[in-house]
Amino acid sequence: MSRNPKKVLILGSGGLRIGQAGEFDYSGSQAIKALKEEGIFTVLINPNIATVQTDADMADRVYFQPLNITTVTKIIEREKPDGILLSFGGQTALNLGLELNKIGIFKKFGVRVLGTPVETIKITEDRDLFKKALTKINILSPKSFAVYTVEEALRAASAIGYPVMMRAGYSLGGLGSGKIENKKQLKEKVHEAFQAVSQILIEEYLGGWKEIEYEVVRDKDNNTITVCNMENMDPMGIHTGESIVVAPSQTLTNEEYHSLRAVSIKIIQHLGVIGECNVQFALNSVTGEYRVIEVNARLSRSSALASKVTGYPLAFIATKLALGYKLHELKNSVTGTTSAFFEPALDYLAVKIPRWDLTKFKSSEHTIGSEMKSVGEVMALGRSFPEALQKAVRMLNVGCHGLTHHPFIFNNPLVEIGRATDRRLFAIYEVFRRGGTVEKVHKLSKIDPWFLWHIKHIQEFETRLRKTTLVKEQMLEAKKFGFSDKTIGHLKNLSENVVRRRRIALGVVPIVKQIDTLAGEFDAETNYLYTTYHGVKHDVEPLVKTPVIILGSGPYCIGSSVEFDWCAVNTTKTLRQCGKQMIMINSNPETVSTDFDCSDRLYFEELTLERIRDIADFEALNDGIMVSVGGQIANNMALPLAKAGYRLLGTSADAIDRAENRQKFSSMLHTLGVDQPEWEKVTNLAGAKRFAQKVGYPVLIRPSYILSGGAMNVVTNERDLQRYLGEAARLSPDHPVVISRFIMNAKELEIDGVADRGNIVIYAISEHIENAGVHSGDATIVLPPQRLYLETIRRAKNIARQIASALAITGSFNIQFIAKDNEIKVIECNLRASRSFPFVSKVTNHNFIEIATQAVLGIHQPVRYNTIDLDHVGVKSPQFSYNRLKGADSVAGVEMASTGEVACLGDNLLEAFYLSWLATEQSVKGKRLFLSIADDHKHKFIDEVRALHDRGWRIYTTKGTYAYFNEQGILLKRLHCIDNLKDLTVENMIKAGKIDLVVNIPSPHNNNDDARKIRRLAIDHHIPLVTNAETGTLLLRCLAEIDIKGFQPKSLQDFIQRAMLS
Amino acid sequence: MLSSGYLILSDGSVFSGQVPYQQNNLLKGEVVFNTGMTGYVESLTDPSYAGQILVFTYPLIGNYGVLSEQTWESDKIHVAGVVMSELCQSWSHPKSIKSLADWLAEQNIPFMTGVDTRALTKHLRVQGTMRGMITQQRELRVDLAQSKKILGASFIPKVLIQKPLIYNKQYEKSIILVDCGLKLSILRSLMKLPYRIKRVPHDYNYSKEPYDGVVISNGPGDPMDYKATIRVLRVALRKNKPIFGICLGSQIMALAAGAQTYKLLFGHRGHNQPCKLEISNPKSRVSDKCFITSQNHGYAINEATLPKDWRVTFRNLNDNSIEGIEHKTKPFFSVQFHPEACPGPTDTIWLFKKFHKLL
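Residues numbered from 1 in each chain as written. Chains lettered and ligands numbered in written order. Predicted model: local features only at pLDDT ≥ 70, side-chain atom pairs only at ≥ 80, totals over all residues.

1. Considering the overall build of chain A
When helices and strands are counted, chain A shows 38 helices and 38 strands. Computed over the C-alpha atoms, the radius of gyration of chain A is 28 Å, within 12% of the 31 Å expected from 2.2 N^0.38 for a compact globule of 1062 residues. Across its three principal directions, the C-alpha atoms of chain A cover 75 × 70 × 65 Å. Taken across its 1062 residues, chain A has 59% of its residues classed as buried. In chain A, of all internal contacts separated by at least 6 residues, the share reaching a separation of at least 24 is 70%. (Helix = DSSP H or I, 4+ residues; strand = E, 2+ residues; numbered from the N terminus. Rg over C-alpha atoms; globule rule 2.2 N^0.38 Å. Buried ≥ 20, exposed ≤ 12 C-beta atoms within 10 Å, placed from the backbone. Contact = placed C-beta atoms within 7 Å.)

Okay, structure coming up:
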């Protein structure tokens, strides 16, 4: 054992965004656990406040601070760690680490990089170095040439042989990349691309090759294992994060499997990785050729998946190896007795399907390809491919009850197979249903026939099932094929419940199996479970100590993210403290709650009524089901579970329904005398028009039982009303559409709280910086409120009290209000933990989930909590992923579009806001601002623009804004519009990198194309962009007033300590 | 067409599944499980499985069909029967020639699908490998314990060559390859080395012939049944020519050296067996080396009985059992695992180089 460091700094990954999501909460949390076990003092920097890793009981010191050079350097200077971990915070941490190393910070402060050496990371991150390193040991990577002229491109292409892949720079979001079939096409495309970039890559075209990954682990003594391999169902050409993935590989022969395994090991040993690493291959099964596509010398999305697939805790082991342990010195955490130096043998398979939310991004394309667009994923375990695949389809929570029972409408499904979209899987099924052949689909998609045949068998079985009677044999076969009771009922014209009853009467119930890493070879007391119909004997007996069943969050999507995992994990922590046992059900591999040591029992399973009932029936002596901590998926289970006779913990299902059902909620508010915006439930367009005319435009349209405002929209005129109504109605056919008056220029605030049998025990009031109209998930939120009248606060509190009492709330709740002209109206109420629970818990230093869980268990002791009079301010900012989504418009609206959030604490609003804004990976590099503001908002900016102007900022603007500020006596620099051919256009300035910040505030009524283009340009050129008047003015104030150089970062513990002393 | 089938074990327990309708022969054998996730073609043709009913713990078998004979470990399927959760009907691989179902039918190998192989594996793990039979009659009672001993030498004639074969004739130096039920990958690995190979039957007496080295192969059953092989090897151990034992060959080496072997409760069969290289030279500063190995054996060497001039070279990290031995002074060494892989990981292929160096 080499000398252990005394204090280790871990860099987190920041706000969740496309390509970098909750998996890094899992990896960072495991790293902290592994370090603490060694008695090492841990310091974590991560502004993602909704994570488990940033909890006070995790790292010894947590900094909610931006992950940038300046801040991290200051923290290193202050904390003086002697070791640092770079591979647990995704690409963000890795890049930051490389940069810090480059400028000599580690050397200066004596910080040792633990695990994989920086030199190795550099090689894996640099295309050229990487290729050279591989060539040295005779490992093949794709042939590739960087070219600068058309002639060079042609030469390169003929050297490689057509078709070739052309890549035209990365900064333009993959614009101009694609497959080139011949010389003529290449000439055209290259010519076009050189208009925008100077360098083009001409590469070997590997489209259609199989895409295979290996997760490799190596210790400092060169002992190396591959923990798992995975096969992408979607072959090369579709990003692995966008692909359906199976583990282990299904179509590889022993020779293929082990030769790629041997290559992975050779690479990792040559590069000298210490810890965990992911190797991606392209494999041509016809010729047997392979190419190494990429090596990620860090924990990744794939490694998180591999951990959950196998039960092998990759991040935990990687941390131990970084400290100098050798693999064989560590134990297999699942068996507890066997060695960590082994390769898991699976006796099941896992299917991962990405979760997209493309409808949430206005004007974003639905095709998928080489760039990642998905926002989450699900993993299903089963003992046959159809079983696991259909489970995964249901886990997605996109309205599918199985592969054959989906809500999508296809005119021509073949189109979406050749040119893949986010619903290609369903298009394949549709083609088969309409008589298409495996050959045809294979030809278009290059998906291995093995997968396609299975999908076809599912389709054929569906046809058979339609015709046969439901005897035991048929029922069992249907279940082995992964059909849900609901789908069977759909095919047989029976209700789900009738099918369930008949199934159980026939003795067809799922069998509970363990994930034990060794295929049953050794005895393992593992609590990691799944269910299957391919079995006859349960691996475990039901728990007898009346456990609580907790429903987890399901896949991350817009509106339901890592915060609900935090809630679920904190619920388990509290239950454990209270001496209770708990069972976790979740389907999301990017979570901490699915670490098997988090709960007494983990069912990696569907969050469907059927499966929750199966589990609750098996674990018959349970103490009840907790539906309030997993977000909306879990919450939606309340009523059906209660109707089926299951006990819920906390607020009653009836009360939940009274809050979720707008009609019932509204009449309750009416009885309580609580104000609400006028609304009406409409079932047809005429009714909607009548209502809009009555209250006046704009109006807000939404279906009930919403999640992140699915299909919500504000419409300003009748034509839009007509268009959007179709959209909203399709999304939720079971529930009518609700239309309400939209109040302009109102403030929005919310209360997060916990009640105990109708009495509020704790609450926190937060204020939105943006005016109403921005979805609460996209809003910048301040706690404690800084600009609200005491009167407003008092009224909000009283309303909350009335509602809590009327609904007899026990547990968490969240109420949203709008306030204008001394009036306060309730706009929404959720009787569950909300998105902001981790934020309010950490800012106030009172764990709302802990309190809620105590309330639910009936053991909460009344205490007075201070949540208003704080010595610091917390600001939570949305993290957007627009730069990942070609063509998406970036103006926040009533539909949520942010993929994550960050939050920072500060001594005052400006400081906390500015830090929080910086923490969303933005920074203003110079003093050049471009300003274009719609007329309604111009007046709000006068003071700020003047202040910046006085401080020497170069402020560029367009015609209208220029004239306005000129009138105010502020002379700005005028630029031409975007399509103007003169030199000084906004477009040219942005492209030339002569702008450091773009403030573009559109009008709610008129969103013109130029403005949209400017916003897109800013995003594509990585220039910070602000589109909201309230955050815009606040940011400009920060830029004018805050001296970021002199700023000293404080840790969470600093703030807590100060609060306790005062 | 499938109909109900049963696997009845000698302890009376019954596992149900499906068997081909026409498969009405009664099949008996020792029931063993393998935890590998690929390589069913290699396993089925591995002569070491002769007389055994092989249970695959991985639920999907036959996914990539059956590859051509170059990947086989012998010229036919040696397992007595196959038990699976699912036999893949829609196999897919450009290099494959037929489906696993067709291959099994062709070679008249009984099989059973739809079995809860995990429950079966756990049963065998606890109770130990035992005899069993695949049948269509659930109520059938045959005294399995009374059946003829199926292990070891009784199977040797079925898996063996009858007379010596020569390979790599162009080379001068020669190796004797003792075939106790040889996996062809061992031969393929040796053929890459510059030696003439004389592959001989297990009871062949090579002690009077000139040779430069000996390799004792893997094979089925109880090593103690290979009396002739042990006898001849004892003579060879008196000389100084390098000897390399693999799997059963390792057990035979130990027996010839004077040690004893014992039957493991359920054996090691899989591709993920972790082995640690014991530091052979106390002076060397070589740090700990571990390897993932491919294994298929039901017997092991009893460490307490190992003579003083021998030592342990490899140890299983899971159960600490002996995975390799060597003579302290002479060039004799053997390993319990399969350095030739096929199926399984290729981490220890270097052992052939080591043998080459000794020659």
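From this point, things continue past the structure.
2. Side note on the overall build of chain B
Scanning chain B from N- to C-terminus turns up eight helices and 21 strands. Scaling as 2.2 N^0.38, a compact globule of 359 residues should have a C-alpha radius of gyration of about 21 Å, and chain B matches this with 20 Å. Reported as C-alpha extents along the three principal axes, the dimensions of chain B are approximately 60 × 45 × 40 Å. For chain B, buried positions account for 57% of its 359 residues. Relative to all contacts within chain B whose residues are 6 or more apart in sequence, the contacts with residues 24 or more apart total 74%.

3. Considering the pairing of strand 13 (residues 174–179) of chain B
Residues and elements named next belong to chain B. Most of strand 13 is tucked away, with five of its six residues classed as buried. The sheet contact formed by strand 13 and strand 14 (residues 196–201) spans six bridges and is parallel. Bridge assignment links Ile176 to a residue of strand 14, and that residue is Lys198. In terms of handedness, the path from strand 13 via helix 5 (residues 184–191) over to strand 14 forms a crossover that is right-handed. In the sheet, strand 13 pairs with strand 15 (residues 213–216) via four bridges, with the strands oriented parallel. Residue pairing in the sheet places Leu177 in a bridge with Val215 of strand 15. (Pairing = 2+ DSSP bridges. Right-handed = clockwise from strand over helix to strand, strands pointing away.)

4. Considering the domain arrangement of chain B
All names here are of chain B. Taken domain by domain, chain B comprises domain 1 (2–150) and domain 2 (155–358). When each unit is reduced to the centre of its C-alpha atoms, the spacing between domain 1 and domain 2 is 27 Å. Contacts between the two partners involve 23 residues from domain 1, matched on the other side by 25 residues from domain 2. Contributing elements (two or more residues each) for the side of domain 1 that touches domain 2: strand 3 (27–34), helix 1 (40–44) and helix 3 (117–127). For the side of domain 1 that touches domain 2, the leading source of residues is strand 3, giving three residues. In terms of residue class, the side of domain 1 that touches domain 2 is made up of seven nonpolar, 12 polar and four charged. (Domains from an automatic or database assignment. Nonpolar A, V, L, I, M, F, W, Y, C, P; charged D, E, K, R; others polar.)

5. A word on unusual backbone geometry
The linkage connecting Tyr162(A) with the following residue, Pro163(A), adopts the cis geometry, with an omega of -5°. By secondary structure assignment, the location of Pro163(A) is in the loop between helix 7 (150–160) and strand 7 (164–167). The residue after Cys342(B), namely Pro343(B), is reached through a cis peptide bond having omega 5°. At Cys247(B), a residue that is not glycine, the phi angle is positive and equals roughly 60°. Here Cys247(B) shows up in the loop between strand 16 (243–246) and helix 7 (248–257). Accessibility expressed as a C-beta count within 10 Å gives 30 for Cys247(B), which makes it buried.

6. Brief notes about the sheet that holds strand 17 (residues 261–277) of chain B
Residues and elements named next belong to chain B. Strand order in the open sheet made by the 10 strands is 12-14-13-15-16-21-20-19-17-18, with mixed pairing throughout. In this open sheet, the two edge strands, each paired with only one partner strand, are strand 12 (165–167) and strand 18 (289–301). Taken over all neighbouring pairs, the strand axes of this sheet differ in orientation by 20° on average, direction set aside. (Axes fitted to C-alpha atoms, helices over the stretch in contact; angles between N-to-C directions.)

7. Re the UniProt feature "binding site: L-glutamine" (unreviewed entry) in chain B
Residue and element names in this part refer to chain B. When the UniProt feature table is mapped onto this chain, "binding site: L-glutamine" (unreviewed entry) is found at Ser48, Gly219, Gly221, Leu248, Gln251, Asn296, Gly298 and Tyr299. A maximum C-alpha distance of 13.4 Å places the annotated residues, which cover 252 residues in sequence, within one compact spot. Looking at the element boundaries, Gln251 is found in helix 7. Apart from the residues lying within four places of it in its own chain, the contact partners of Gln251 are Pro223, Thr261, Tyr299 and Ile301. Mapped onto the elements of the fold, Gly298 is located in strand 18. Taking the C-beta count within 10 Å as the criterion, Gly298 has 24 such neighbours and is therefore assigned buried. Residues in contact with Gly298, not counting those within four places in the same chain, are Val32, Thr129, Lys263, Leu264 and Gly267. (UniProt positions renumbered as here; feature names shortened; annotations may be inferred.)

8. Here's the deal with the packing of helix 6 (residues 227–238) of chain B against helix 7 of chain B
All names here are of chain B. Closest axis-to-axis distance for the helix 6/helix 7 pair is 9 Å, and the angle between their directions is 65°. By the angle between their directions, the pair helix 6 and helix 7 is classed as roughly perpendicular. As helix 6 runs across helix 7, the sense of the crossing is right-handed. Mapping the contact onto sequence places Thr229, Ile230, Leu233, Arg234 and Leu237 in helix 6 and Ile252, Met253, Leu255, Ala256 and Ala257 in helix 7. (Parallel < 35°, antiparallel > 145°, perpendicular 65-115°, else oblique. Left-handed = near helix turned anticlockwise from the far one by under 90°.)

9. Some remarks on the environment of Leu2(B)
All names here are of chain B. Among the structural elements, Leu2 can be located in strand 1 (residues 2–9). With 20 residues separating them in the primary sequence, Leu2 and Gln22 have C-alpha atoms 8.4 Å apart. Apart from the residues within four sequence positions on either side, Leu2 is in contact with Gln18, Val19, Pro20 and Tyr21.

10. Describing the sheet that holds strand 14 (residues 290–296) of chain A
Residue and element names in this part refer to chain A. Within the open sheet, the seven strands sit side by side as 14-13-10-11-12-15-16. Their pairing is antiparallel. Looking at which strands have only one partner, the edges of the open sheet turn out to be strand 14 and strand 16 (376–382). Pairs of neighbouring strands in the sheet enclose a mean axial angle of 25°, with direction left out of account. By the bridge criterion, three bridges tie strand 12 (residues 245–247) to strand 15 (residues 349–355) in an arrangement that is antiparallel.

11. A few points about the interface of chain A and chain B
On the chain B side, the residues contacting the 47 residues of chain A number 43 residues. Listed by contribution, the elements that provide at least two residues to the side of chain A that touches chain B are helix 9 (254–271) and helix 16 (449–467) of chain A. With six residues, helix 9 of chain A is the largest single contributor of residues to the side of chain A that touches chain B. Per-class residue counts for the side of chain A that touches chain B are 21 nonpolar, 15 polar and 11 charged.

12. Overview of the environment of Gln663(A)
Mapped onto the elements of the fold, Gln663(A) is located in helix 25 (residues 662–672). Distance in space between the C-alpha atoms of Gln663(A) and Trp679(A) is 9.6 Å, their sequence separation being 16 residues.

13. Concerning helix 8 (residues 183–193) of chain A
Residue and element names in this part refer to chain A. Of all the residues in helix 8, the buried ones are Leu186, Val190 and Ala193. Down the axis, helix 8 shows its buried residues gathered within 60° of arc, on one side only. Counted as exposed and oriented over 90 degrees from the buried face of helix 8: Lys184, Glu188, His191 and Glu192. Tucked into the core, helix 8 has its buried residues touching helix 7, strand 7, strand 8 (178–180) and strand 9 (200–204). (Arc of directions from axis to C-beta.)

14. So, the pairing of strand 10 (residues 210–218) of chain A
Two faces, one strand: in a regular strand the side chains alternate between the faces of the sheet. Residues and elements named next belong to chain A. Within strand 10, nine of the nine residues are buried, which leaves it mostly tucked inside the rest of the structure. Burial along strand 10 is two-sided: Lys210, Ile212, Tyr214, Val216 and Arg218 facing one way and Glu211, Glu213, Glu215 and Val217 facing the other are all buried. Pairing of strand 10 with strand 13 (residues 275–283), which is carried by nine bridges, proceeds in the antiparallel orientation. Following the sheet pairing, Glu211 is matched in strand 13 by Ala282. Note that strand 10 and strand 11 (residues 224–232) share seven bridges and pair antiparallel. Residue pairing for strand 11: Ile212 is matched across the bridge by Glu231. Counting the residues that bridge the hairpin from strand 10 to strand 11 gives five residues, and of these Asn222 lies at a positive phi of roughly 80°.

15. Side note on the packing of helix 33 (residues 942–950) of chain A against helix 37 (residues 1029–1041) of chain A
Residue and element names in this part refer to chain A. Between helix 33 and helix 37, the shortest axis-to-axis distance is 9 Å and the interhelical angle comes to 25°. The angle between the axes of helix 33 and helix 37 places the two elements in the roughly parallel class. Classified by chirality, the crossing of helix 37 by helix 33 is left-handed. Residues Glu944, Val945, Ala947 and Leu948 of helix 33 lie in contact with helix 37, whose contacting residues are Thr1033, Leu1036, Arg1037, Leu1039 and Ala1040. Classifying every residue of the contact of helix 33 with helix 37 gives six nonpolar, one polar and two charged.

16. As for the confidence of the model for chain A
Residues and elements named next belong to chain A. Of all residues in chain A, 95% attain a pLDDT of 70 or more, and the chain-wide mean is 92. Scored below 50 in pLDDT, residues 170–174 shows seven contacts in the model against residues more than four places distant or in partner chains. Scored below 50 in pLDDT, residues 705–709 shows 18 contacts in the model against residues more than four places distant or in partner chains. (pLDDT = per-residue confidence, 0-100.)

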